[in-house]
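A closer look at the structure
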Amino acid sequence: NAGVMQNPRHLVRRRGQEARLRCSPMKGHSHVYWYRQLPEEGLKFMVYLQKENIIDESGMPKERFSAEFPKEGPSILRIQQVVRGDSAAYFCASSLPGQGPGANVLTFGAGSRLTVL
Amino acid sequence: GQNIDQPTEMTATEGAIVQINCTYQTSGFNGLFWYQQHAGEAPTFLSYNVLDGLEEKGRFSSFLSRSKGYSYLLLKELQMKDSASYLCAVRVKDQAGTALIFGKGTTLSVSS
């Protein structure tokens, strides 16, 4: 079991460019979550997706940020026209569907570290 | 709003016991989680409490009091490898798969 896979692990962009971060959930997990972590800050929830559906995007900035989880392929977090303030570690997590105890536990990927020059 | 508080930093020595506290004020409650995060790595799940009381798992235990909005993580027989950030998180909404709200984390430094 490969766990939650994120790529790229490190990404450098200049201001105004686009950043695309990818996340493949654990096998059998159909729920995906994206979090942002700034230095000295906690993990901030951004968006929660199931296959082809955005369930909760209350933590996502209204502009420049979007997320998808298509029927086939990884979930993608897209940041358009990046600014220096977007520099952070972006973590993806996944969980099981359903109501059982296992559905409560988020398994995290190793994160993608975005640096905006 | 949602508020989760935990100390920023703690220090301890090898072999000792340390207790990391977490208090929360949230609009709802459906479980409290503790995660461990080493620098530059993914957070890893440690424990989950949804009912009051103590959950023990090896050297780690977690306690919850829902009436007080309070939890603690107890680490026994500390080892150098326990130096990490410990994250307290609350599941707020009452439906499967809803996101966790995290505190800022407590950085624990274990010295010899």
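In case you missed it, the structure is sitting above this.
Described in the following lines is the structure provided in the data block.

Conventions and cut-offs
Residues numbered from 1 in each chain as written. Chains lettered and ligands numbered in written order. Predicted model: local features only at pLDDT ≥ 70, side-chain atom pairs only at ≥ 80, totals over all residues. Heavy atoms only, no water. Pairing = 2+ DSSP bridges. Helix = DSSP H or I, 4+ residues; strand = E, 2+ residues; numbered from the N terminus. Axes fitted to C-alpha atoms, helices over the stretch in contact; angles between N-to-C directions. Buried < 20%, exposed > 50% of the residue type's maximum accessible area, 1.4 Å probe, protein only. Polar contact = N/O pair within 3.5 Å; in protein donor to acceptor, adjacent residues only side chain to side chain. Contact = heavy atoms within 4.5 Å. Phe/Tyr/Trp six-rings, centres within 6.5 Å; stacked < 30°, edge-to-face > 60°. Buried area = accessible area lost by both parts, 1.4 Å probe. Salt bridge = Lys/Arg side-chain N within 4 Å of Asp/Glu carboxyl O.

**A word on the sheet that holds strand E1 (residues 5–7) of chain A**
Residues and elements named next belong to chain A. In space, the four strands of this open sheet follow the order E1-E3-E8-E7, with antiparallel pairing throughout. Looking at strand neighbours, the two that pair on one side only are E1 and strand E7 (65–68), the edges of this open sheet. This sheet shows a mean twist of 15° between the axes of neighbouring strands, independent of strand direction. As defined by bridge partners, strand E3 (residues 19–24) adjoins strand E8 (residues 75–79) across five bridges and the pair is classed as antiparallel. In the strand pairing of E8, Leu21 is matched with Leu77.

**As for the side chain of Asn49 of chain B**
Residues and elements named next belong to chain B. In this structure, Asn49 sits in strand E5 (residues 44–49). Judged by relative accessible area, which is 0%, Asn49 ranks as buried. Among the polar contacts made by the side chain of Asn49, one reaches the side chain of Ser62 at a distance of 2.6 Å. If sequence neighbours within four positions are ignored, Asn49 has contacts with Phe29, Gly31, Leu32, Glu55, Ser62, Phe63 and Leu64.

**So, the packing of aromatic side chains**
All told, the structure shown has 14 aromatic pairs over all chains when counted by the stated rule. Centroid distance Tyr33 of chain A to Tyr48 of chain A: 4.7 Å. Interplanar angle 10°. Geometry classified as stacked. Taken together, the residues Tyr33 of chain A in strand E4 (residues 31–37) and Tyr48 of chain A in strand E5 (residues 43–50) connect sequence positions 15 residues apart. Comparing Tyr33 of chain A with Tyr48 of chain A shows no difference in burial state: the two are buried. On the basis of an interplanar angle of 90° and a centroid distance of 5.5 Å, the ring pair of Tyr35 of chain A and Phe102 of chain B is categorised as edge-to-face. Linking Tyr35 of chain A in strand E4 with Phe102 of chain B in strand E10 (residues 100–102), this pair reaches from one chain into another. We classify Phe102 of chain B as buried; its relative accessible area is 8%.

**Concerning the interface of chain A and chain B**
With 24 residues of chain A at the contact, the number on the chain B side is 20 residues. Around 1700 Å² of area is buried between chain A and chain B when both sides are counted, 55% of it from carbon and sulfur atoms. Contact with chain B buries surface across chain A, with Leu43, Asn104 and Phe108 of chain A losing the most and accounting together for 29% of the total. Remark: the boundary between chain A and chain B carries one salt bridge. Across the pair Glu41 of chain A and Lys104 of chain B runs a salt bridge, and its minimum N-O distance is 4.0 Å. Seen at the junction of chain A and chain B, the total is four residue pairs in polar contact (both at pLDDT 80 or more).

**Some remarks on the sheet that holds strand E7 (residues 60–65) of chain B**
All names here are of chain B. The strand order across the open sheet built from five strands is E1-E3-E8-E7-E6, with neighbouring strands paired in antiparallel fashion. A single partner strand is all that each edge strand has here, and the edge strands are strand E1 (3–5) and strand E6 (53–57). The average undirected angle you get between the axes of adjacent strands in this sheet is 15°. Where E7 and strand E8 (residues 70–75) come together, six bridges link them in antiparallel fashion.

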